[in-house]
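Chains, contacts and geometry: an overview
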Amino acid sequence: MMPPPSPTATNRPLLEVRDLAVRFPITVSDGWLARRQEEVRAVDGVSFSVQRGETLGLVGESGCGKSTTGRAILQLIRPAAGEVVFDGLPLDELWVKRGRSWTWGPKLRDLRRRMQMIFQDPFASLNPRMTVEAILAEPLRNFGIPSGPERRAQIQSLLETVGMDPRAIRRYPHEFSGGQRQRIGIARALALGPDLIVADEPISALDVSIQAQILTLLQKLRADLGLTMLFIAHDLAAVRLISDRIAVMYLGRIVELADATVIVSAAHHPYTKALISAVPAPDPVTEKTRQRIVLEGEVPSPLNPPSGCPFHTRCPLREDRCIREAPLLREIAPGHTVACHLLER
Amino acid sequence: MPVADTVLSVHDLRTFFRTDDGIVRAVDGVSFSVRRGETLGIVGESGSGKSVACLSALGLVPRPPAFHPSGEVRYGGRDLLALSERELEHLRGNRLAMIFQDPLTSLNPYLRVSRQLTEVLEVHRGASRAEARRAAMTMLERVGIPDPARRIDQYPHQFSGGMRQRVMIAMALLCEPEVLFADEPTTALDVTIQAQILELIAELRHSLGTAVVLITHDLGVVAGSTDRVAVMYAGRIVETGPTAAVFAHPQHPYTRGLLASTPRIDTPLGSRLEAIPGLPPDLAHLPAGCPFHPRCSQAVDRCRTEYPAVIALSMVHSAACWAVEAPQ
C-alpha cells in the first residue's frame, strides 16, 4: 500500500514543522455597535519533526492549539506563518490564489492521499446517508480507482484490517456503535495508503473498554503498516502508550518535547509536571501517596495571552523574569527540549 | 444491611423503559447505600445504568415511559419512590442535591448567577433576598470563585467550564444537603481543572459531612476520590466493596477487564492494554444468563443460562459471578 521511500529521502523526516503560526480573525464587541477586529493566536511558533514510522503525541488541554496544529499541518487551515514540509515539499508553495482567497493547488490536492485524518467524533464524521461501502469508496473514487469488483474487494479488505466484518459494507453508520464507527473512520483514513495520519482525539468520545480496543488497533496498524502518526489527545496516559515522542502544548506553544518515557518520568517544565500529576491513576494506593501539584486558576484566554512565559500566571515557580520575557525552547539533553527560564541557571 | 449512620439506601431498584423496541431494562435490581461523610463511587460505561439509577432515586426519571417493577429508596424513614412530586420537590435541592456533567445545560442561561443561587434558599429556607444573596456570596467564595461580589451578578456564559462547575456545586451545597449525587462532575473538564474540582468536593464533604454518590466512567477518579465503589454493567452492580479492596483484588471479570483497559501513566514502556472484546449488550434484548457472558473469557455453560448469585468475598466485598469462589 505504501510507496517505497526514495533513496535520498531515507534520513529526511517525513514531516517538518518550523515556526508554524495560525491566527483566527475574530470580531470583538465593545458594547452596542462598537466592534473591532482582533486576532487569536491559536498556534504561535510551533516547530517539530516526525520521522518515517514514528508516532509523535501532541498533548495539552482544551484550547492549547493542538488540534489547530494538526489541521494546519494537513493544510485544512492555511497557516499564517511558518513552514510545513512534507516529504521534502514545502506545502505553503502549493496553495494558489483565486480572486481574494487562497485555495489548494492541484499538487496539494494530489498530496491529500498521502496525508489523512482520523476525527474525534465518530458520530459527526460519517455521512449518515451513505452506506459503509459508499463512505469507503469516496476516497478511492476521488483518486481515480474505478468502481467494480476490485474496488469492492479493496473496501472489504480495509474493513478486515480494522477488525470489522466485511459484510458491513451494506449498512449505514447509525447501525454501528461508537467504537465500530471509529473503526470505519480509521478504514477511511487508511483507504489510500497514506504516509502520514493525523489522529485528532480519536478515542476521547468512546467508552473505556472501547478506547482500549481502538488504541490496541492503532498500535497494531502502526506496527503492521509502518504508519507515521501525529496523535493528538488530552489524555496523557493514552498518548504515552502509542507515542515514541511527546510534545506538550500550552497556549499555542510547545513547552516541552522529549521521548515518551522521558516526558512521564523526567519532565522538566512545571506545566508538564503538573499535567502528569493531575492524571488520576486507577490505583487507590498511588492516589493516596502521590504529591499532586494542583495548579491555581485557569488557562488564560488566547485572545489576551499573558506577557512573557504563557504559563507564568499559573506557575508555582514563577520569577520576575518569567513575567517579562518569553523563554525559548532549549535542548537540555539530546532530544529533550524545554521552554523554561528556570532551567537556564 | 443498613449501618447506623446510613443516610440513604436503595434496595432492589428496577427502572425499565417502555420503548418501541420493547422493554429496556436500564436498571435491573440495584442496591446500594451511602453513609454520612462517605463517598460511594458508581462506575460503569455508557448504558450501564449508573446515571439512571441515581436519577430514579431522586424521582427525576419521567414515568411513563419509565416504571419501577421493584425497588425502594429509603431516606429519612420514607420511601422516595412512593412520594408525590410535591414532596420530592421539597427534598430535592434541599436535603438531596445533584450536580451534572455539563453545567451549561443545567444553569439557566437567561438568569444571573445570583438569581439561580438565591432561589434555592428562598424556596427551601424562606430566606429573604438579602440574606440569600449574602449566603450565596459566601458559598461562591468557598467553592473558590475569585471576586464573588462581582461574579455573582454575571450570567453563566461569562464563566469558564471549571468556574461554571463551581457555580453548580455552590448551588447544590447552599442548603447543606445530606446527600450529593455528582454525575460525571469533571468529565467535561481539563485534567488540571478536574483535580481542582475533585479536591473541592472532598473538602466540602469533610467540612459539611455530606454523603456523596460519585458517578463516573473513570477508574482513576474512583481510585482517588471514593471510599467504596460499585461497578455496574448492563443495569446491575457486578461488584462492590471498599475501593482499596476492589482495586487490589478485583473479582469480577468485567472489573478486571476495565482495569486492564485503562491506560496508566506509570506502567513500563511497551506495555499494552488488554481490551475487553465485543460490545455491551442491547438493554432491550439482554442475553440469557449473565449479561457479560458474551464478552467474558471465563464464561462456562451456567453463565449462559442463569444470572450469577452474589458471592460475598468478605463482609463488605462481593461480586456477582459464577467464576468467583467464596472464601472458605
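Each value, and the rule that gives it
- Residues numbered from 1 in each chain as written.
- Chains lettered and ligands numbered in written order.
- Predicted model: local features only at pLDDT ≥ 70, side-chain atom pairs only at ≥ 80, totals over all residues.
- Helix = DSSP H or I, 4+ residues; strand = E, 2+ residues; numbered from the N terminus.
- Rg over C-alpha atoms; globule rule 2.2 N^0.38 Å.
- Buried ≥ 20, exposed ≤ 12 C-beta atoms within 10 Å, placed from the backbone.
- Contact = placed C-beta atoms within 7 Å.
- Axes fitted to C-alpha atoms, helices over the stretch in contact; angles between N-to-C directions.
- Parallel < 35°, antiparallel > 145°, perpendicular 65-115°, else oblique.
- Left-handed = near helix turned anticlockwise from the far one by under 90°.
- Nonpolar A, V, L, I, M, F, W, Y, C, P; charged D, E, K, R; others polar.
- Core = buried A, V, L, I, M, F, W, Y, C linked by C-beta atoms within 7 Å.
- Pairing = 2+ DSSP bridges.
- pLDDT = per-residue confidence, 0-100.

With that settled, consider the overall build of chain A. In terms of helices and strands, chain A carries eleven helices and 14 strands. For a compact globule of 345 residues, the expected C-alpha radius of gyration is about 20 Å, and chain A comes in at 21 Å, within 12% of that figure. Viewed in the frame of its principal axes, chain A has a C-alpha envelope of about 70 × 60 × 55 Å. Looking at chain A as a whole, 44% of its 345 residues are labelled buried. In chain A, the share of contacts with a sequence separation of at least 24, taken over all contacts with a separation of at least 6, comes to 62%.

Below, the discussion takes up the overall build of chain B. When helices and strands are tallied, chain B shows eleven helices and 13 strands. Against the compact-globule benchmark of 20 Å for 328 residues, chain B has a radius of gyration of 21 Å, which places it among compact chains. Taking the principal axes of the C-alpha coordinates as reference, chain B spans close to 65 × 50 × 40 Å. Of all 328 residues assigned to chain B, the portion counted as buried reaches 50%. Partitioning the intrachain contacts of chain B with sequence separation of at least 6 by distance along the chain shows that 62% fall at a separation of at least 24.

What follows deals with the packing of helix 3 (residues 132-142) of chain A against helix 4 (residues 149-161) of chain A. Residue and element names in this part refer to chain A. Interaxial distance between helix 3 and helix 4 falls to 10 Å at its minimum, and their mutual angle equals 110 degrees. Judged on the interaxial angle alone, helix 4 and helix 3 are roughly perpendicular. For helix 3 against helix 4, the interelement crossing comes out right-handed. Listed contacts from helix 4 to Glu-133, Leu-136, Ala-137 and Leu-140 of helix 3 are Arg-151, Gln-154, Ile-155 and Leu-158. Each residue belonging to the contact of helix 3 with helix 4 can be placed in one class, and the counts come to five nonpolar, one polar and two charged.

The next thing to look at is helix 11 (residues 253-261) of chain B. When we look at burial in helix 11 of chain B, the residues that qualify are B:Pro253, B:Tyr254, B:Thr255, B:Gly257, B:Leu258 and B:Ser261. Lining the buried residues of helix 11 of chain B we find helix 6 (208-225) of chain A together with helix 9 (219-225), strand 10 (228-233), strand 11 (236-242) and helix 10 (243-248) of chain B.

Before going further, it helps to spend a moment on the interface of chain A and chain B. In this complex, chain A contributes 35 residues to the contact, which on the side of chain B involves 37 residues. For the side of chain A that touches chain B, the elements supplying multiple residues, two or more each, are helix 6, helix 7 (236-242), helix 8 (260-265), helix 9 (270-278) and helix 10 (284-289) of chain A. Residue contributions to the side of chain A that touches chain B peak at seven residues, all from helix 6 of chain A. Looking at the side of chain A that touches chain B, its residues break down into 19 nonpolar, nine polar and seven charged.

Right, let's talk about the nonpolar core for a bit. The biggest cluster of nonpolar side chains holds 195 residues, and the ones touching the most others in it are A:Val248, B:Ala170 and B:Val213. The dominant element in this core, judged by the number of residues it contributes, is helix 7 (residues 161-173) of chain B, at eight residues. Setting aside chain neighbours within four positions, we find B:Ala170 in contact with B:Leu117, B:Met139, B:Leu140 and B:Val143.

Strand pairing in a sheet relies on backbone hydrogen bonds, with the paired strands running either antiparallel or parallel. Residues and elements named next belong to chain A. Taken together, the four strands give an open sheet; going across it, the order is 2-1-4-5, and neighbouring strands pair in antiparallel fashion. Edge strands, defined here as strands with exactly one partner in the open sheet, are strand 2 (35-50) and strand 5 (89-90). Summarising the sheet, strand 4 (residues 81-86) and strand 5 pair through two bridges and their orientation is antiparallel. Looking across to strand 5, one finds that Phe-86 is bridged to Leu-89.

So, on to the confidence of the model for chain B. Taken residue by residue, chain B gives an average pLDDT of 89. The fraction at 70 or more is 98%. Predicted as a complex, the structure gets a pTM of 0.86 and an ipTM equal to 0.81.

Residues and elements named next belong to chain A. Across the seven residues that make up strand 12 (residues 253-259), a large majority, six, are buried. Looking at chain direction, strand 11 (residues 245-250) and strand 12 are connected through six bridges and run antiparallel. Paired with Ile-246 across the strands is Ala-258, a residue of strand 12. Hairpin geometry of strand 11 and strand 12 is characterised by an intervening segment of two residues between the two adjacent antiparallel strands and by a positive phi of about 45 degrees at Leu-251. Sheet topology places strand 12 next to strand 14 (residues 336-338); two bridges connect them, and they run antiparallel. Following the sheet pairing, Leu-257 is matched in strand 14 by Thr-337.

So, on to the packing of helix 6 of chain A against helix 11 of chain B. Where helix 6 of chain A contacts helix 11 of chain B, the two axes come as close as 9 Å, and the packing angle between them is 50 degrees. Between helix 6 of chain A and helix 11 of chain B, the angle falls in the class oblique. Crossing of helix 6 of chain A over helix 11 of chain B shows left-handed handedness. Counted together, A:Val208, A:Ser209 and A:Ala212 of helix 6 of chain A and B:Gly257, B:Leu258 and B:Ser261 of helix 11 of chain B form the full contact between these two elements. For the contact of helix 6 of chain A with helix 11 of chain B, a count of residues per class yields three nonpolar, three polar and no charged.

Trans is the common state for peptide bonds, and a negative phi is the common state for residues other than glycine. Put simply, B:Arg63 and B:Pro64 share a cis peptide bond, and its omega is -10 degrees. Assignment of secondary structure puts B:Pro64 in the loop between helix 1 (50-57) and strand 4 (66-67). Residues B:Pro64 and B:Pro65 are joined by a peptide bond in cis, for which omega reads 10 degrees. Even without being a glycine, A:Leu251 presents a positive backbone phi close to 45 degrees. Summarising the element assignment, A:Leu251 is placed in the loop between strand 11 and strand 12.

All names here are of chain B. Judged by pairing direction, the sheet is mixed, and its eight strands sit side by side in the order 7-8-9-3-10-11-13-12 without closing on themselves. Only two strands of the sheet have a single neighbouring strand rather than two, namely strand 7 (96-99) and strand 12 (310-312). The sheet shows a mean angle of 15 degrees between the axes of neighbouring strands, direction not considered. The strands that helix 1 touches are strand 3 (39-43), strand 8 (179-183), strand 9 (211-216) and strand 10; relative to strand 9, the one it contacts most, it runs at about 145 degrees. Across the face of the sheet, helix 7 comes into contact with strand 7 and strand 8 while running at roughly 175 degrees to strand 7.

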